Amino acid sequence: MDQMAIADRRQLRRKLSFWRVAALLLLVGIGFSLYRYGFADEASSARPHVARIKITGLIQDSDELLERLDRIAESDSAKALIVSISSPGGTTYGGERIFKAIREVAEKKPVVSDIRTLAASAGYMIATAGDTIVAGESSITGSIGVIFQYPQVSGMMEKLGISLEEIKSAPLKAEPSPFHEASPEAQAMIRSMIMDSYGWFVDLVADRRKLPREEALRLSDGSILTGRQALSAKLVDTLGGEREIRAYLETRGVSEDLPIVEWKEKGSSSSFWFASAMAEFLRMTGLGEALGATRFGTWGTDKLFLDGLVSVWQVGRG
């Protein structure tokens, strides 16, 4: 065998060795990512700790979150719960279900509501479920109220020469409609529904914040408040952060030495668990920024519309 052939074989072996090592490192990295993403939190939550959940973005009905709260309630290792909220609100029904689930946790262990940048409307509704509410001085909260919105395209249809005919079993069926202005009867029906839900929200605030209903009603005009204003209005209990949260928990017999463990959404509960694990691996290896890896974990998870009555703070809206 001539020298050139020997050199070619050695070069080929070196290339094969490189790719074998690279493949091994890739498999180890993916395995570690999967462990961190799917199992590390469970290992951490096996020892005594303070559980934390984060509620961010638009609030909707979430079975996964409710199941997570139920597991925290039943966990002997979770000695308390911190609910960190950064949300403008969302559906009234979604807020109601989460509120009730948090109250079930509070029947078994202390719960602190931690208002971060924003906890308005249904976000504040959820905050009232805590045994105490801690907010930042410049946090935004309040916006207590309910809204129902629907588009109105009848003017555009008229300009385009489009008409819609309908036959209904009763005048209030499928009202309000985007294809014509709501009748006084339809407006009255929707307003009755809104005010019933609003009354429930006001009663909830009055009960949880120990306020006379008249005072709760006065504060439920949709206004937003800073943390300082909310403290003055008795909508929150303390200004501060983790130190104040720990101080409160100590008064409830929860040692400040206990670690805080975030109970995250389990990747296995989503069809995108592998993409999320890959995103974690790419982040750890430094490839995330180049490939936009963080997008993997959110594919298909955003919803375009909120259904039903909405309790949400909207910037620039009345």
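Above: the structure in question.
Bear in mind that the values here come from a model prediction, so they are computed numbers and not experimental data.

Moving on: the packing of aromatic side chains. The final tally for this structure, using the stated rule, is one aromatic pair. Judged by centre distance (6.4 Å) and plane angle (50 degrees), the rings of F148 and Y150 are tilted. The class for F148 is partly exposed, based on a relative accessible area of 26%.

Further remarks concern the packing of helix α3 (residues 63–74) against helix α4 (residues 92–106). Two elements in contact, α3 and α4, have axes separated by 9 Å at closest approach and are oriented at 10 degrees. The angle between α3 and α4 falls in the class roughly parallel. Counting all contacts with α3, which are made through D63, L65, L66, L69, I72 and A73, the residues of α4 involved are R97, I98, A101, I102 and V105.

Time to look at helix α7 (residues 184–208). Helix length check: α7, at 25 residues, gives a terminal C-alpha distance of 36 Å against a target of 36 Å (1.5 Å per residue), a fit within 8%. Buried residues of α7: A186, I190, I194, S197, Y198, G199, F201, V202, L204, V205, A206 and R208, and no others. The positive-phi residue at the C-terminal boundary of α7 is K210, with phi of around 55 degrees.

In terms of burial, strand β4 (residues 111–120) is largely enclosed, as eight of its ten residues are buried. Across six bridges, strand β2 (residues 78–87) lies against β4 in parallel orientation. When the sheet's bridge partners are listed, I85 is paired in β4 with I115. Relative to strand β5 (residues 132–135), β4 runs parallel, the two sharing four bridges. Counted as the bridge partner of I115 is A135 from β5. Once the chain exits β4 it traverses helix α5 (residues 122–127) before rejoining the sheet at β5, and the crossover so formed is right-handed. As paired strands, β4 and strand β6 (residues 140–142) are joined by three bridges and run parallel to one another. Within β6, the position partnered with A120 by the bridge is G142.

Calculation notes
Residues numbered from 1 in each chain as written. Predicted model: local features only at pLDDT ≥ 70, side-chain atom pairs only at ≥ 80, totals over all residues. Heavy atoms only, no water. Phe/Tyr/Trp six-rings, centres within 6.5 Å; stacked < 30°, edge-to-face > 60°. Buried < 20%, exposed > 50% of the residue type's maximum accessible area, 1.4 Å probe, protein only. Axes fitted to C-alpha atoms, helices over the stretch in contact; angles between N-to-C directions. Helix = DSSP H or I, 4+ residues; strand = E, 2+ residues; numbered from the N terminus. Parallel < 35°, antiparallel > 145°, perpendicular 65-115°, else oblique. Contact = heavy atoms within 4.5 Å. Expected span 1.5 Å × (residues − 1). Pairing = 2+ DSSP bridges. Right-handed = clockwise from strand over helix to strand, strands pointing away.

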